[in-house]
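Breakdown of the fold
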Amino acid sequence: MSAGRISRRERAAWGFVAPSLIAIAVFFVVPVLSAMLLSLTDFDIYALADLGNLRFVGLQNYERLLTNPLFWGAMKNTVVFSVLGVPLAIGMSLGAAVILNARTVKWRPFWRVVFFAPFVTTLVATAVLWNYLLHTKYGVINWAITSLGLPAVDWLGDPRTSIPAILLFVVWKIFGYNMLIFLAVLQTVPDDLYEAARIDGAGPWARFVNVTLPAIAPTLLLVSIISVAGFFQLFAEPYVMTQGGPAQSTVTVLYFMYEEGFKWWNLGSASAVAFILFLCIFAVTMIQLAVSRRLGGEHT
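Residues numbered from 1 in each chain as written. Predicted model: local features only at pLDDT ≥ 70, side-chain atom pairs only at ≥ 80, totals over all residues. Heavy atoms only, no water.

Another aspect to go through is the overall build of the protein. Helix and strand counts for the protein come out as 14 helices and zero strands. Ordering the α and β elements of the protein from the N terminus gives α-α-α-α-α-α-α-α-α-α-α-α-α-α. Expected size for 300 residues packed as a compact globule is a radius of gyration near 19 Å; at 24 Å, the protein overshoots this value by more than 25%. Taken over the C-alpha atoms alone, the protein extends approximately 85 × 75 × 35 Å along its principal axes. Residues counted as buried form 36% of the 300 residues belonging to the protein. (Helix = DSSP H or I, 4+ residues; strand = E, 2+ residues; numbered from the N terminus. Rg over C-alpha atoms; globule rule 2.2 N^0.38 Å. Buried < 20%, exposed > 50% of the residue type's maximum accessible area, 1.4 Å probe, protein only.)

Structure representation (structure tokens):
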């Protein structure tokens, strides 16, 4: 009798999770396997017209990519975006969350909406707006700079400033989402811990380091993993703001994949780029998890 009840529970459980498993298989597993197989072929515009033109080329697409300086340039730009953008985005979002979590701040719901609004605003519309803000002659930012007696900066036309300009926009666009995640976890930290630290003489910075950070460490790891994956997949921002320029200084791996697949119709090569990008994100995520476990073991 009990075995029958367990069996019915298991069937019910599988029935509930089956739609999600089917969706994951259809929209994730199958596309990933298809892209991996496609990366081993010379699938291009001619193969689209006639599958008889499709040939199996093995690892030739990967060999060409690893000897292509444009691919390595895109990889370098992506790493720069990630190394600079992830700490900046997390730092700003965590700082804003800590400030808005304080009971002394007035109109906290209003500020939360204001900070979160850029994340839900259409990316293309906000990117076009930032193009005007960063305009060399008519932009508000350069107007403020020149009013101080400094020369105007060609933010999006100079390879030295194009990445910082796009980073400024990206961090402004996404930090509200991370801020809400941090706000949610900060509200779960017991007030007794802060009170005990305050009685022991700990100042605001000491309470943040010794109470807040350990309490939100798992969420901090989650946000860092999400942020790394997001910056590695940066595409729309450089596409709308600079079209990969100037001098390909803002071409990311995903932008390079887009050009390979939909500008030059080298779909096999584009699939190889996608699989390499997947492996890079997976490797960085594993490193983050390993570092987190090691730091957690040291603290325990």
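What follows picks up the thread again.
A word on unusual backbone geometry. Here the amide bond leading from Gly245 into Pro246 is cis, since omega sits at -10°, within 30 degrees of zero. Looking at where Pro246 falls in the secondary structure, it is placed in the loop between helix 12 (236-241) and helix 13 (253-263). Despite not being glycine, Trp107 has its phi angle at roughly 60°, a positive value. Tracing the chain through its elements places Trp107 in the loop between helix 4 (69-101) and helix 5 (108-120). Even without a glycine there, the phi angle at Trp265 is positive, about 60°. Relative to the assigned elements, Trp265 resides in the loop between helix 13 and helix 14 (267-299). You can call Trp265 partly exposed: its relative accessible area is 31%.

Once that is clear, we can look at the packing of aromatic side chains. In this structure the tally under the stated criterion is 21 aromatic pairs. A centroid spacing of 6.0 Å and a plane angle of 35° characterise the contact between Phe275 and Phe278, whose relative ring orientation is tilted. Of this pair, Phe275 and Phe278 both sit in helix 14, separated by three residues, roughly a single helical turn. What makes Phe275 buried here is its relative accessible area of 18%. Joined through ring pairs, the aromatic side chains of Phe235, Tyr239, Tyr255, Tyr258, Phe262 and Trp265 make up one cluster. (Phe/Tyr/Trp six-rings, centres within 6.5 Å; stacked < 30°, edge-to-face > 60°.)

Our focus in this paragraph is helix 11 (residues 217-232). Taking 1.5 Å per residue, 16 residues should reach 22 Å; helix 11 reaches 22 Å between its end C-alpha atoms and fits that length. For helix 11, the full list of buried residues reads Thr219, Val223, Ser224, Ile225, Ser227, Val228, Ala229, Phe231 and Phe232. (Expected span 1.5 Å × (residues − 1).)

A few words on the packing of helix 4 against helix 11. Interaxial distance between helix 4 and helix 11 falls to 9 Å at its minimum, and their mutual angle equals 145°. Regarding helix 4 and helix 11, the two cross each other, and that crossing is right-handed. Contacts from Thr78, Phe81, Ser82, Gly85, Val86, Ala89 and Ile90 of helix 4 reach helix 11 at Leu220, Val223, Ser224, Ser227, Val228, Phe231 and Phe232. (Axes fitted to C-alpha atoms, helices over the stretch in contact; angles between N-to-C directions. Left-handed = near helix turned anticlockwise from the far one by under 90°. Contact = heavy atoms within 4.5 Å.)

For Asp42, the location among the structural elements is in the loop between helix 1 (2-38) and helix 2 (45-49). In this structure the side chain of Asp42 is engaged in a polar contact, spanning 2.7 Å, whose partner is the backbone nitrogen of Arg55. (Polar contact = N/O pair within 3.5 Å; in protein donor to acceptor, adjacent residues only side chain to side chain.)

This part covers the side chain of Thr242. Mapped onto the elements, Thr242 comes out in the loop between helix 12 and helix 13. Relative accessible area serves as the criterion here: at 9%, Thr242 is assigned to the buried category. Only 2.7 Å separates the side chain of Thr242 from the side chain of Thr250, close enough to count as a polar contact. Residues in contact with Thr242, not counting those within four places in the same chain, are Leu156, Ile166, Glu237 and Thr250.

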